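Letter by letter, the chains look like this.
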There are 4 protein chains.
Amino acid sequence: MDLIIKNGTIISPTETYQADIAVKDGVIVAIGKDFTEEGATVIEASGKLVLPGAIDVHTHLAMPFGGTVSADGYLSGTRAAACGGVTTVFDYPVQRKGKTILGLIDEKKAICEQEACVDYAFHCCITDLNDGEILEEMEKAVAEGITSFKCFMVYKKEGMMVDDGTFSKLLMRAKEIGAMINVHAENPDLIDLNIAKFKEEGKLSPWYHYMSRPEFVEAEADKRAIHWAKNLEASLYIVHMADKEGLEAAIEAKKDGHDIYVETCPQYLEFTNEVYKREDGRNFVCSPPMKGKESQDALWKALRTGGIDTVATDHCPFQSYEKDWGKEDFTKIPNGCAGVENLYPYILAAANSGKISFNKAVELCASNPAKIFGCSQKGSITVGKDADLVIYDKDKDFTVSVNTMHSDYDHTIWEGKEFHGYPVMTFSRGQLVFEEGEFVGKPGWGKFVKRASKK
Amino acid sequence: MDLIIKNGTIISPTETYQADIAVKDGVIVAIGKDFTEEGATVIEASGKLVLPGAIDVHTHLAMPFGGTVSADGYLSGTRAAACGGVTTVFDYPVQRKGKTILGLIDEKKAICEQEACVDYAFHCCITDLNDGEILEEMEKAVAEGITSFKCFMVYKKEGMMVDDGTFSKLLMRAKEIGAMINVHAENPDLIDLNIAKFKEEGKLSPWYHYMSRPEFVEAEADKRAIHWAKNLEASLYIVHMADKEGLEAAIEAKKDGHDIYVETCPQYLEFTNEVYKREDGRNFVCSPPMKGKESQDALWKALRTGGIDTVATDHCPFQSYEKDWGKEDFTKIPNGCAGVENLYPYILAAANSGKISFNKAVELCASNPAKIFGCSQKGSITVGKDADLVIYDKDKDFTVSVNTMHSDYDHTIWEGKEFHGYPVMTFSRGQLVFEEGEFVGKPGWGKFVKRASKK
Amino acid sequence: MDLIIKNGTIISPTETYQADIAVKDGVIVAIGKDFTEEGATVIEASGKLVLPGAIDVHTHLAMPFGGTVSADGYLSGTRAAACGGVTTVFDYPVQRKGKTILGLIDEKKAICEQEACVDYAFHCCITDLNDGEILEEMEKAVAEGITSFKCFMVYKKEGMMVDDGTFSKLLMRAKEIGAMINVHAENPDLIDLNIAKFKEEGKLSPWYHYMSRPEFVEAEADKRAIHWAKNLEASLYIVHMADKEGLEAAIEAKKDGHDIYVETCPQYLEFTNEVYKREDGRNFVCSPPMKGKESQDALWKALRTGGIDTVATDHCPFQSYEKDWGKEDFTKIPNGCAGVENLYPYILAAANSGKISFNKAVELCASNPAKIFGCSQKGSITVGKDADLVIYDKDKDFTVSVNTMHSDYDHTIWEGKEFHGYPVMTFSRGQLVFEEGEFVGKPGWGKFVKRASKK
Amino acid sequence: MDLIIKNGTIISPTETYQADIAVKDGVIVAIGKDFTEEGATVIEASGKLVLPGAIDVHTHLAMPFGGTVSADGYLSGTRAAACGGVTTVFDYPVQRKGKTILGLIDEKKAICEQEACVDYAFHCCITDLNDGEILEEMEKAVAEGITSFKCFMVYKKEGMMVDDGTFSKLLMRAKEIGAMINVHAENPDLIDLNIAKFKEEGKLSPWYHYMSRPEFVEAEADKRAIHWAKNLEASLYIVHMADKEGLEAAIEAKKDGHDIYVETCPQYLEFTNEVYKREDGRNFVCSPPMKGKESQDALWKALRTGGIDTVATDHCPFQSYEKDWGKEDFTKIPNGCAGVENLYPYILAAANSGKISFNKAVELCASNPAKIFGCSQKGSITVGKDADLVIYDKDKDFTVSVNTMHSDYDHTIWEGKEFHGYPVMTFSRGQLVFEEGEFVGKPGWGKFVKRASKK
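The structure displayed is predicted, hence computed values, not measured ones. (Residues numbered from 1 in each chain as written. Chains lettered and ligands numbered in written order. Predicted model: local features only at pLDDT ≥ 70, side-chain atom pairs only at ≥ 80, totals over all residues. Heavy atoms only, no water.)

Some remarks on the overall build of chain A
Next up, step 1: Within chain A, the regular secondary structure consists of 13 helices and 20 strands.
Next up, step 2: In terms of C-alpha radius of gyration, chain A reaches 21 Å, essentially the compact-globule figure of 23 Å for 455 residues.
Next up, step 3: For the C-alpha atoms alone, the extent of chain A along its principal axes is close to 70 × 50 × 40 Å.
Next up, step 4: Looking at chain A as a whole, 67% of its 455 residues are labelled buried.
Next up, step 5: Considering only residue pairs separated by 6 or more positions, chain A has 75% of its internal contacts joining residues 24 or more positions apart.
Next up, step 6: When the accessible surface of chain A is split by element, carbon and sulfur atoms take 47% of a total near 14,900 Å².
Next up, step 7: Between the mean site of the 52 positive side-chain charges and the mean site of the 70 negative ones, chain A shows a separation of 3 Å. (Helix = DSSP H or I, 4+ residues; strand = E, 2+ residues; numbered from the N terminus. Rg over C-alpha atoms; globule rule 2.2 N^0.38 Å. Buried < 20%, exposed > 50% of the residue type's maximum accessible area, 1.4 Å probe, protein only. Contact = heavy atoms within 4.5 Å. Areas by Shrake-Rupley, 256 points an atom, 1.4 Å probe, with all protein chains shown as cover. Lys, Arg positive; Asp, Glu negative; His and termini not counted. Charge placed at Lys NZ, Arg CZ, Asp CG, Glu CD.)

A look at the relation of the copies chain B and chain A
For the pair of chain copies, the relating transformation is a rotation about an axis with a translation along it.
Next up, step 1: Take chain B, turn it by 180 degrees, move it 0.0 Å along the axis, and it overlays chain A with an RMSD of 0.0 Å. Both copies are brought into coincidence by an operation consistent with a two-fold rotation axis. Among all residues of chain B, the minimum C-alpha distance to the rotation axis is found for R224(B), at 3.9 Å.
Next up, step 2: Interface overlap between copies: 100% of the residues of chain B at the interface are likewise at the interface in chain A, consistent with a symmetric, same-surface contact. (Least-squares fit on C-alpha atoms with pLDDT ≥ 70 in both.)

Regarding the sheet that holds strand β12 (residues 148-152) of chain A
Residues and elements named next belong to chain A.
Next up, step 1: Taken in spatial order, the 6 strands make up an open sheet running β11-β12-β13-β14-β15-β16, and their pairing is parallel. Only two strands of the sheet have a single partner each, and these edge strands are β11 (124-125) and β16 (310-311).
Next up, step 2: Sheet strands touched by helix α4 (residues 164-177): β12, β13 (180-184) and β14 (236-238). Its angle to β13, the strand with the most contacts, is close to 155 degrees. (Pairing = 2+ DSSP bridges. Axes fitted to C-alpha atoms, helices over the stretch in contact; angles between N-to-C directions.)

Observations regarding the interface of chain B and chain A
Next up, step 1: Contacts between chain B and chain A engage 21 residues on the former and 21 residues on the latter.
Next up, step 2: For the pairing of chain B and chain A, the buried interface totals around 1,700 Å² over both sides, and the portion due to carbon and sulfur atoms is 69%.
Next up, step 3: For the interface between chain B and chain A, the tally reads 4 salt bridges.
Next up, step 4: The salt bridge involving E220(B) is made with R224(A); its shortest N-O contact spans 3.9 Å.
Next up, step 5: Our enumeration of links across chain B and chain A arrives at 8 residue pairs in polar contact (both at pLDDT 80 or more).
Next up, step 6: Secondary-structure elements contributing two or more residues to the side of chain B that touches chain A are α4 (164-177), α5 (188-200) and α7 (215-231) of chain B.
Next up, step 7: It is α7(B) that contributes the most residues to the side of chain B that touches chain A, 8 residues altogether. (Buried area = accessible area lost by both parts, 1.4 Å probe. Salt bridge = Lys/Arg side-chain N within 4 Å of Asp/Glu carboxyl O. Polar contact = N/O pair within 3.5 Å; in protein donor to acceptor, adjacent residues only side chain to side chain.)

Here we look at the arrangement of the chains
Next up, step 1: Separated throughout, chain A and chain C approach each other most closely at a C-alpha pair spaced 16 Å apart.
Next up, step 2: No interface is formed between chain B and chain D, the nearest pair of C-alpha atoms being 17 Å apart.

Side note on the interface of chain A and chain D
Next up, step 1: Taken together, the contact between chain A and chain D spans 24 residues of the former and 24 residues of the latter.
Next up, step 2: For the chain A and chain D pair, buried surface summed over both sides reaches about 1,900 Å², with 60% attributable to carbon and sulfur atoms.
Next up, step 3: Linking chain A with chain D are 6 salt bridges, by the criterion used here.
Next up, step 4: In this assembly, chain A and chain D are joined by 7 residue pairs in polar contact (both at pLDDT 80 or more).
Next up, step 5: Elements with a minimum of two residues in the side of chain A that touches chain D: β2 (16-24), β3 (27-32), α8 (244-255) and α10 (293-305) of chain A.
Next up, step 6: Here the residues of the side of chain A that touches chain D are counted per class, giving 9 nonpolar, 6 polar and 9 charged.
Next up, step 7: For β3(A) and strand β3 (residues 27-32) of chain D, the ladder comprises 3 bridges, and the chain directions are antiparallel. (Nonpolar A, V, L, I, M, F, W, Y, C, P; charged D, E, K, R; others polar.)

Regarding the packing of helix α3 (residues 133-143) of chain B against α4(B)
Residues and elements named next belong to chain B.
Next up, step 1: In contact at an axis separation of 10 Å, α3 and α4 are set at 40 degrees when each is read in the N-to-C sense. Taken together, α3 and α4 sit at an angle that is classed as oblique. Considering the relative orientation of α3 and α4, their crossing is right-handed. Contacts from L135, E136, M138, E139 and V142 of α3 reach α4 at K169, L170, R173, A174 and I177.
Next up, step 2: Within the contact of α3 with α4, the residues separate by chemical class into 6 nonpolar, no polar and 4 charged. (Parallel < 35°, antiparallel > 145°, perpendicular 65-115°, else oblique. Left-handed = near helix turned anticlockwise from the far one by under 90°.)

Examining the domain arrangement of chain A
Residue and element names in this part refer to chain A.
Next up, step 1: If you check the domain split of chain A, you get domain 1 (3-51 + 382-396 + 410-439) and domain 2 (53-372).
Next up, step 2: On a C-alpha basis, the centroid separation for the pair domain 1 and domain 2 is 28 Å.
Next up, step 3: Every contact between the two is made by 33 residues of domain 1 and, on the other side, 36 residues of domain 2.
Next up, step 4: Both sides together, the interface formed by domain 1 and domain 2 hides about 2,800 Å², and carbon and sulfur atoms give 63% of it.
Next up, step 5: Ranking the residues of domain 1 by area buried against domain 2 places H411, I413 and W414 at the top, with a combined share of 27%.
Next up, step 6: Counting the contacts that link domain 1 with domain 2 gives 2 salt bridges.
Next up, step 7: Taken together, the links from domain 1 to domain 2 amount to 13 residue pairs in polar contact (both at pLDDT 80 or more).
Next up, step 8: Secondary structure elements with two or more residues in the side of domain 1 that touches domain 2: β5 (49-52), β17 (389-399), β18 (418-428), β19 (431-435) and β20 (438-439).
Next up, step 9: By residue number, the principal contributor to the side of domain 1 that touches domain 2 is β18, which donates 8 residues.
Next up, step 10: Partitioning the side of domain 1 that touches domain 2 into residue classes produces 16 nonpolar, 9 polar and 8 charged. (Domains from an automatic or database assignment.)

Points about a negative patch on the surface
Next up, step 1: On the surface, D2(A), D25(A), E37(A) and E38(A) cluster together into a patch of negative charge.
Next up, step 2: Along the polypeptide, D2(A) turns up in the segment before β1 (3-11). (Patch = residues over 30% accessible without salt bridge, like charges linked within 9 Å, V, L, I, M, F, W, Y side chains within 5 Å.)

A word on the sheet that holds strand β10 (residues 119-122) of chain B
All names here are of chain B.
Next up, step 1: Ordered by their spatial adjacency, 3 strands build an open sheet running β6-β9-β10, and the pairing between neighbours is parallel. The sheet terminates laterally at β6 (54-59) and β10, the two strands that pair on one side only. If you compare each strand with its neighbour and ignore which way they point, the axes differ by 25 degrees on average.
Next up, step 2: Across 4 bridges, strand β9 (residues 86-91) lies against β10 in parallel orientation.

Topic: the pairing of strand β15 (residues 260-264) of chain C
Residue and element names in this part refer to chain C.
Next up, step 1: When you tally the buried positions in β15, you get 5 out of 5 residues, the bulk of the element.
Next up, step 2: By the alternation rule, side chains of β15 split into I260, V262 and T264 and Y261 and E263, which are all buried.
Next up, step 3: Of the strand pairs in this sheet, strand β14 (residues 236-238) and β15 are connected by 3 bridges, and their pairing is parallel. Residue pairing for β15: I238 is matched across the bridge by V262.

Focus on the packing of aromatic side chains
Residue and element names in this part refer to chain B.
Next up, step 1: Here the structure, examined in full by the defined rule, presents 71 aromatic pairs over all chains.
Next up, step 2: A ring pair is formed by F358 and Y392, whose centres lie 5.9 Å apart and whose planes are at 65 degrees; its orientation type is edge-to-face. Of this pair, F358 sits in helix α13 (residues 358-372) while Y392 sits in strand β17 (residues 389-399), and the two are 34 residues apart along the sequence.
Next up, step 3: Using a relative accessible area of 12% as the deciding quantity, one classes F358 as buried.
Next up, step 4: Classification of Y392 as buried rests on a relative accessible area of 0%. (Phe/Tyr/Trp six-rings, centres within 6.5 Å; stacked < 30°, edge-to-face > 60°.)

Here's the deal with the environment of H258(D)
Residue and element names in this part refer to chain D.
Next up, step 1: Among the secondary structure elements, H258 is positioned in the loop between α8 (244-255) and β15 (260-264).
Next up, step 2: Each C-alpha atom, one on H258 and one on I226, is 9.2 Å from the other, the two residues being 32 residues apart in sequence.
Next up, step 3: Setting aside residues up to four positions removed in sequence, H258 forms contacts with K230 and A253.

Given below as structure tokens:
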């Protein structure tokens, strides 16, 4: 054994128990009592929790969007991940209209090989079927371990939207090849109509970002997406669910046995649309926007009752000067906020305060993401799996500040957030990459996660 | 008094009672017992039912569609109406893309003045807002008594579809001016996707007309239309509802107090998708198509429990040779079937057999259409209203045949249908226009019905 | 003609129109324009509404309860009715345990013949099947025009409750003989448990009357009653519905085509449980008690959307000194409040202010009660029906006070209630019985209403 | 280490992986790769599944019922359990009316100490609160590790029913002391009414057992029980759910965050009410009876989607001669069937055939029962837990016959049932108790499971 973590309290989705963990060659080789071995690094975790590393299945690194590029690249983004207990990140490369996707993935892999500090995987965003050519390419992508794809029901003017026909084709194709479709569900026509109206009325503050995409505008698209998935008997993963009505439709479909999965993000759990009335409201502009209290309450309830399957971040930060572009006009604010380093601390603090159990936290951030997206080596502390581990101190207090974060952004919506309980160590395949507030890993350590299809 | 109808059993939506009806100058001036007057025409209606004339709010006369024009023009269509107990027909003039609507209505009025055998009104179909110009014009139309408009969520390739933004604008505009929006709800993308697939697979029989627009394809659009109306707090009238899931969504919205109205048609009550397996299946091709038994049962239940507000026909017949264009390819069949002369006999026969009450029949075919669409002089046997009356013999047997109908088409989906009970006289504003199987009115008798707005 | 009411605006459940009404021998003989006749009494109703007299299907006159007898007897109760525009009252004779019901009804008829100022009918309350003897007697009662019966799911200790088996037998028997079962739905076990607990805790103010029978305690019984009626395919009329959850269950069952009817009362529409915190809270003690705002809102919504079929009063007043028995202990307060004179003014004022239509008011208070309970001569202004008519002045202001009411009670929960719009005349079978605030009828005028069964 | 199980495929509710298991002093001390130790017993499980022993939380051993005593006592019942892979059984001692419960439990413990072949726990059935004395006693029972109680909504005539008041008191008391209430939900009044009717009509075959307790009779009680639990914010465990409507109500309540748990039994998953038409229909008589196909389908769907939490047996066999008492009269048939030895084989075979996953099977039969009922040492293969283990051969075929079972009954409803896949070894706290079809344990080995409360 190379590494022994002793006496920690291990958290699985269903059990909480004290035991030692032995790691060899980056893999968990034994869990038990009273392990010793000469030469092995021993970490005493008595009184601490030992958790599987989180899997953030929703990040946008170095993503061109809103006339600029998101502030975290593959290096800083995965560095921040490591420091937040995230040991696998999923990025969303976006197909350039009319272009193929396999080449794009190769580009991304080449960058990550140099830069990634933790393991990484890709969902590929599809914007154009290229007369069916992409449907063929999808099967090749699956063979290479890219077993999920994303599409947008929104961003019509931006040329990223797929219509209901294309969306349906993607769902059916994914079903044939054992892949999963992610969808961003908002209705573009209503958003554009609202924006035009607000522009005409001179209503341009960040509050009108929310007002142009309120609950019912998201809910319509959620319900429509679910309707197609149900009737085509296809699998569907809805990203960043933020409204009650759409959530309830998804829960109903799941109850009826449909293969529907729901993700939400910490920002929807923590904030409501009230943030858009703040002086710095523009910093909170993301899509979908934060919603009202009723939706927030529904999200929390669904976290507890199984209606939500995963929590991920939609990490896509922009610099202050970029956010400032929209000081006078919300439509000019690049959409997106930071989050990858805050995900696990946020959800675990919720567990620490009793809002959910630690078992549920692990299920939402690690084991469910691994299962839904085919990361067979990841997601739980089980003999034979990668030693992606987080040691968590329930008594450590931590206050988020842009200065104590490990990204390249210059501000964060989480500034000042206080956590009771915080990760103290992160291991990526047995390698310590974060310790007591410091990144101790190295760029290029991260490996591509080749995922299994559902077939 | 000019006319006295004596001793008939009068049917209102809530009462059934025996009385005499006195008519003067085309208007009902008294209802009571033992009326006599010298010089008045006296009709003895003892043992017969006396009903308000039906209002068929959904007909397409001389409508250009599917590469031809529907087989009934304003003359033959309204003649058939009179012979089926329909005393007011609503036609749907369709805005030519980029053109205005007021001129179109004037054109139609001019024709009807010459040809109409019963009274008539117009909903105007809107296909293009002309950068907002049409929204202005709508108010003028309302002032002229055209208080309802229609739009299509389908027929995308055909250039008639409005997207969700335009649809929402219409709903909001109608709310401002007290008008009602009619919607044809089917999802065009799924239909087009299915058609492309079936063409590729060589599946071109009429059954694939149904298969390309099955229940869930209609239901999605129904639910989306309702979603917008609810959230914009606008009124909405869904034409030719034919599927259970959409119907149930509408019923739910109505229960929640939303101003949603539902129409179905006799063909959905009488036939199921099984007709498309028949040798002459192409004759039954209309959109939406007939659906499965489960939807049919749901429609009947909703007729009884208030979930459906009106029954109208979507009358749009084509000649056999036109239907034959699609003998080898369902996509070439002009969509539409005959119905205006069968509506009231069909629904009244259902009442006569006990499936619904006669009061409900009158509500569905006369009083509700009048109220929903602002025909304040029409729809019930009430002192002060137009004497649009039908005398119905519960014991008369009648078998539908193209030869005994009064339209210009050369075949009908209702061929051979046997009715127990049939209208024996129709009066349009006191004037006998139909008697014992014969049309006895005259073209040009019909008048334009200037309707009230909801304001 | 004996009586002509000229130029009034007549309200039916579906129409509003101006016409004259002619009455002969207590019956409406004609409705029309420009009626004249020598010798007839002519009432000019121009600018006024003419409505069918209300039917209060829920009153308890001279009812022994709570250790005393309700304060209005048959004379004062029906006098008050006349003065509130109610032209038919239904009383609830209660079977004495182990005794027969036909004799009881004869007793009640004998009293009413002497005392009743307006027409009257009876539902008979059944508390004991006497080993099936009562099931036989029910058929005889139906033959005599008593076509409805009532039972209590509550009042277990008081010996009036029927268990689920007896309730089911009543539903099935009523189905066989074309009768209707009324049910008072509250759960006795929970009430008794709560009362015992509150007594032990010394919580004895009127607020604990509500707390011992809160929303969910009524809702359980509503849902159970509906469950049996649905599954036994029997008709059911739920009296004094006061909670949202039970109401929604009833609406759902109606939507599914079940023959379920719902009554609510003005007190549940006007007051909430807040009244039990008032100094005079004991005066508002009735069962079920007023509920929270959410239930009240649901009742109003259902009034508009058809979820509620009738409004009646549960009129059962007690004198102040009797209410005072419970000053220190809510369990000693006789349960019941005044209402028969306030019903129609209350609902019509709601129409006058636009909360509902006048047509709906007439439907709820006159035509629906008539139809549900088989009063074929009553409930609407139709040729051939009894001339039970109310003339209503939309501009008359009226403030309720015990002094201006026509009952024998000494206080009222409606004290101080201001109505904009008020009845100015009531006719019972053509006979003026109320005029401008004064009772002008006479005891003994009222007749027994022999009702039709559903067979 | 005393025992090493090598190379098996370990099944947890969330993971499937290959590893060795090391056991010492009856407890799992390590899970890992390549374990060896001199002196330890080594079991090679390569190619086999290793599962946690099942926990059958619903058995009736030596239970007096229907005028006799159930055919399996504590010895034979627990012997059969061991041979079916059940390593913990829960028995239901029934309070004798008016008597205390603690003494009863001591009696049962004394017998089990001599007889039990596997570990055991007790839920205590409460039939009478003895004026509140039992509410006090419940707390003492919890302190002794009896943390769950049961009550009957049915068996009114038999004196076992609790009314809604008593049931509510139990729910509230359990909440205070961290206990769980189990409920048998059927409506006694309807059952008695139906039985009386069928007796009168001479309908006495086993089919009328079903007809007297059809779906809606169970559903009413399910819904009522859930209503109280929801509104009293108490925990509730519904035993042997067998109907769709009740199940759906429970699922809805769970979705709303209520602490409701649902158990079903193999007999409801395998059989429908059709069995009561068989010649030997009486052998299948249990309460609730098997229901129609629609309910069966709903149960299977809920197994997959989380609507059902546990599967247990309601094991309560009677001998053929006892069942024969009801040959001419279904009311004389003792209610109950065999099951404890068939539970795990049945559910695992369902997993083996792909109807559910093995992970789900383990969740339903082991980990959920352990969690719901506070068996902290049981229910999963986790370091530190009791080594209650089953080795399962996916390829072994087995046909149930009364001769190959290990109970004392003389017939079984499972006769002839073929399983593909069967347990080959059962370990109780590390001790082999079943091997290849033979019981190899000994009476008295089983220990009382002291359970944790929810506090």
